[in-house]
Amino acid sequence: MTYKQRWLLASLLVVAALLRFVQLGSIPYGVNQDEADRGYEAYSLLMTGHDQHGNQWPLTLEAFSKVCDNASAISTYAAMPFVAVLGPTLLAVRIPSAIAGLLAVFAITFLGYQLSKRWAVGLLAGFFLAVSPWHLTLSRVGHEAVWSPTLFLLGLLAWVVGLRKPRYLPLASALWVLCLYGYPIAKLFIPLAVLLLVGLSWRALRQHWRWTVGAVTVGIALLVPLVAMQLSHFTDAGRLQQILIFTNTAGGPWWWQLMSNIATYVNPWTWLTGALSVGPLDAASALAGIACFFWLVRPGLQGLNPRLLLGILLLFAILPAVFMDENPQQLRAAFLLGVLPLAAAWGFVLGWERFRVTRRAARIHIALSATGIVLAGVGVWCFWQPAYVGRHSVDFIMTPEIEQVVRLVNTRYANYADVRFIDFGTSQPYIFFALFTPWNPSSFHQDHVFTGVQDHGWYRTTKLGRITFCKRDECSGNEAGVLYVELLPYARFGSKELEHIPWRGFPGLAWRIATN
């Protein structure tokens, strides 16, 4: 590695870190209910050793539904050290995701080099991932989905190195099994990816059969707790009910809907319109870079065929999403972030090597570099706008200014014995009060009133201490001595407005605290 390459690598990692840690507590704007849940679960486990439902040190979180949620606990356990130091804050919940995002940039950079033996491929792949608004979204929200591409990339890096230095094979096995403890999409992608890699690397694995056996042993040992938990309490039943084969809500044959979903990821319009929270550089890499890769790449390390390997991994990456409704999906297709930037960077480098003109090479290189930096800058600038994630992400529904609302209710209006939060569709608004109060986990079960499940099997909480959570048609706005918390313009309870808290970037939307 030359001095220039080391300087570029260091610069890349600094840029990636700045984009993931600067203003982490305030961008994305608002709070997602899943990250609020992971934060409160971490706080509850620190204080009592149990989650909010009383489960002791769970492998998966019951969260908002025992049937439907089956949330990974990986982000909760990763957040515990930071919650212990910073308290149950949004920053503490998001720091592990930012670390995971930075690790992914590191892993894809070195993986690109190991596969192609070109530092240009690795550095360009790392740059694509570092500035991608899609990956920035996952890296700056306290949700476990970001760990899926990160652990896969780290495992694949260990695997590729392990084909020459077999002592790394058990590490690859451990990282991939840990990925299975994460976001549920790994339970489909990781087994398929491992089977593919074993098939492509079988000769090398036979040569290092002792380390191969060791890797299998490590994987089985780490997998036993997860398998035992799944067999004793099958928590994926609700997820399976969402598969098109079992329930096709779109109408028509399931296979037609499946093909339609696959088409959304190969449709250029999906990338050009930013449907996956992608930026203009993501779109350019997905369209031009991938085409060059499949056209120009040649067989590589240890007999691995890059075209076959990355091509099939691209297909596997979208399978967890295309079997569900509502595509494209930025969470269920998160494994694309572990494959697409690598293939695109490789394609651009090969294209440059193939078509460069000696006399004008320097000028063309400068022009292409400047264009890439401008496209990256536009994507990052768009991401940094307050309303970006709220407007462009169908998976992360953000609730702006809710922390300020909780603080006001708990301090300025602490004398109100009856507080009514008008639920406008936030689904689980109690979790914001649990996190930002923060609610004492020891008394949570006594203060928490649970009235069963809503439609589709999700839990519904109607009361937490003095706070009642009611829908618009359930609440009365004519009672004296009641504090109403509502979102304008959806509701207007209480004749006397006490607080008006607008949502930045969302004209017409504002929290209203009122009474009679």
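Now for a description of the structure that goes with this document.

Cut-offs used in this document
Residues numbered from 1 in each chain as written. Predicted model: local features only at pLDDT ≥ 70, side-chain atom pairs only at ≥ 80, totals over all residues. Heavy atoms only, no water. Helix = DSSP H or I, 4+ residues; strand = E, 2+ residues; numbered from the N terminus. Rg over C-alpha atoms; globule rule 2.2 N^0.38 Å. Buried < 20%, exposed > 50% of the residue type's maximum accessible area, 1.4 Å probe, protein only. Contact = heavy atoms within 4.5 Å. Areas by Shrake-Rupley, 256 points an atom, 1.4 Å probe, with all protein chains shown as cover. Salt bridge = Lys/Arg side-chain N within 4 Å of Asp/Glu carboxyl O. 1 Å grid on protein atoms, 1.4 Å probe; cavity = no way out; pocket = protein on both sides within 12 Å on 5 of 7 lines; lining within 4 Å. Points joined across faces, edges and corners; volume = space filled by probe spheres on them. Axes fitted to C-alpha atoms, helices over the stretch in contact; angles between N-to-C directions. Parallel < 35°, antiparallel > 145°, perpendicular 65-115°, else oblique. Left-handed = near helix turned anticlockwise from the far one by under 90°. Pairing = 2+ DSSP bridges. Disulfide = S-S within 2.5 Å. Patch = residues over 30% accessible without salt bridge, like charges linked within 9 Å, V, L, I, M, F, W, Y side chains within 5 Å. Lys, Arg positive; Asp, Glu negative; His and termini not counted. Charge placed at Lys NZ, Arg CZ, Asp CG, Glu CD. Phe/Tyr/Trp six-rings, centres within 6.5 Å; stacked < 30°, edge-to-face > 60°. Lys NZ or Arg CZ within 6 Å of the ring centre and 35° of its normal. Core = buried A, V, L, I, M, F, W, Y, C linked by side-chain atoms within 4.5 Å. Nonpolar A, V, L, I, M, F, W, Y, C, P; charged D, E, K, R; others polar.

The subject of this paragraph is the overall build of the chain. In terms of helices and strands, the chain carries 22 helices and 11 strands. Relative to the compact-globule value of 24 Å for 516 residues, the chain shows a C-alpha radius of gyration of 24 Å, a close match. In terms of overall dimensions, the chain has a C-alpha envelope of 80 × 55 × 50 Å along the principal axes. Here the chain holds 516 residues, and 55% of them are scored as buried. For the chain, the share of sequence-separated contacts (at least 6 apart) that also reach a separation of at least 24 residues comes to 72%. Surface summary for the chain: the accessible area is close to 22200 Å², and the carbon and sulfur share equals 64%.

Time to look at the pattern of salt bridges. A complete count under the given rule lists 11 salt bridges for this structure. One salt bridge in this structure joins R38 and E144, with 3.0 Å as the shortest N-O distance. Here the residue R38 occupies a position in helix α2 (residues 33–48), and E144 occupies one in the loop between α6 (133–139) and α7 (147–162), the gap between them amounting to 106 residues. According to the relative accessible area criterion, R38 is buried, its value standing at 2%.

Further remarks concern unusual backbone geometry. The omega angle of the peptide bond from T437 to P438 is -25°, so this bond is cis rather than trans. For P438, the location among the structural elements is in the loop between α21 (430–436) and α22 (444–447). Cis geometry is adopted by the peptide bond preceding P489, which originates at L488 and carries an omega value of 5°. Within the secondary structure layout, P489 lies in the loop between β9 (482–488) and β10 (496–502). Of note in the backbone geometry, Q23 takes a positive phi value of approximately 55° without being a glycine.

In this section: empty space enclosed by the protein. Scanning all chains against the criterion turns up four cavities of 30 Å³ or more. Taken as a whole, the largest cavity encloses approximately 130 Å³ of empty space. Around the largest cavity, the lining comprises 19 residues; the ones closest to its centre are F128, S132, D282, S285 and L340. Elements with a contribution of two residues or more to the lining of the largest cavity: α5 (119–131), α6, α15 (280–296), α17 (340–355) and α18 (361–383). In terms of residue count, α15 provides more of the lining of the largest cavity than any other element does, four residues in total.

Turning our eyes to something else, we now look at the packing of α7 against helix α8 (residues 169–180). Contact geometry for α7 and α8: axes closest at 8 Å, N-to-C directions at 165°. Classified by the angle between their axes, α7 and α8 sit roughly antiparallel to one another. Crossing of α7 against α8: the hand is left-handed. Contact with α7, carried on its side by S148, L151, F152, L154, G155, L156, A158, W159 and G162, involves L169, L171, A172, L175, W176, L178 and C179 of α8 and no other residues of that element.

Once that is clear, we can look at the pairing of strand β11 (residues 510–515). With six of six residues buried, β11 is to be regarded as a mostly interior element. Burial of the side chains of β11 extends over both faces: A510, R512 and A514 are buried on one face and W511, I513 and T515 on the other. Taken together, the five bridges between β9 and β11 define a ladder with antiparallel strand orientation. Bridge pairing links L487 to W511 in β11. By the bridge criterion, six bridges tie β10 to β11 in an arrangement that is antiparallel. Looking at the pairing, P502 lines up with A510 of β11.

In the structure shown here, the tally under the stated rule is one disulfide. Across the disulfide from C470 sits C475; the S-S distance is 1.4 Å. Pair check on accessibility: C470 and C475 agree, each one buried.

Moving on, we come to a positive patch on the surface. Taken together, the side chains of K117, R164, K165 and R167 make up a positively charged region of the molecular surface. Summarising the element assignment, R164 is placed in the loop between α7 and α8.

Let us look at the packing of aromatic side chains. In this structure the tally under the stated criterion is 25 aromatic pairs. Measuring from centroid to centroid gives 5.7 Å for F293 and W346, while their planes differ by 55°, and the two rings are tilted. Here F293, found in helix α15, pairs with W346, found in helix α17; they are 53 residues apart in sequence, far enough to count as distant. Just as F293 is buried, W346 falls in that class too. Ring centres of F433 and F469 lie 5.8 Å apart, and the angle between their planes is 65°; this geometry places the pair in the edge-to-face category. One end of the pair, F433, is in helix α21; the other, F469, is in strand β8 (residues 467–471), with 36 residues separating them in the sequence. The class of F433 is buried, set by a relative accessible area of 0%. Connected via pairs of aromatic rings, a cluster forms that spans F421, F433, F469, W503, F506 and W511. Above the plane of the ring of W295 lies R354, whose end atom (NZ or CZ) is 5.6 Å from the centre. Between the NZ or CZ atom of R504 and the centre of the ring of Y29, over which it lies, the distance is 4.3 Å.

As a further point, take the side chain of Q329. Examined against the element boundaries, Q329 turns out to sit in the loop between α16 (306–322) and α17. The contact partners of Q329, leaving out residues within four places of it in the chain, are Y265, L276, A321 and D395.

Moving on: the nonpolar core. Counting residues in each nonpolar core, the largest one holds 105 residues, and the members touching the most others are F152 and L313. Discounting chain neighbours no more than four positions away, the residues touching F152 are W176, F189, I190, A193, L313, F335 and V339.

Of note, V105 is situated in helix α4 (residues 90–116). Linking V105 and L123, residues 18 residues apart in sequence, is a C-alpha distance of 9.3 Å. Ignoring any residue separated from it by four or fewer positions in sequence, one finds V105 in contact with L12, L13, A16, R20, G126, L129 and A130.

Attention shifts here to the packing of α8 against helix α11 (residues 209–232). Running from N to C, α8 and α11 cross one another at 20°; their axes reach a closest spacing of 8 Å. Relative to α11, α8 is oriented roughly parallel. Classified by chirality, the crossing of α11 by α8 is right-handed. Within the contact between the two elements, α8 uses L169, P170, S173, A174, V177 and L180 and α11 uses W211, T212, G214, A215, V218, G219, L222, L223 and L226. Among the residues forming the contact of α8 with α11, the class breakdown is 11 nonpolar, four polar and no charged.

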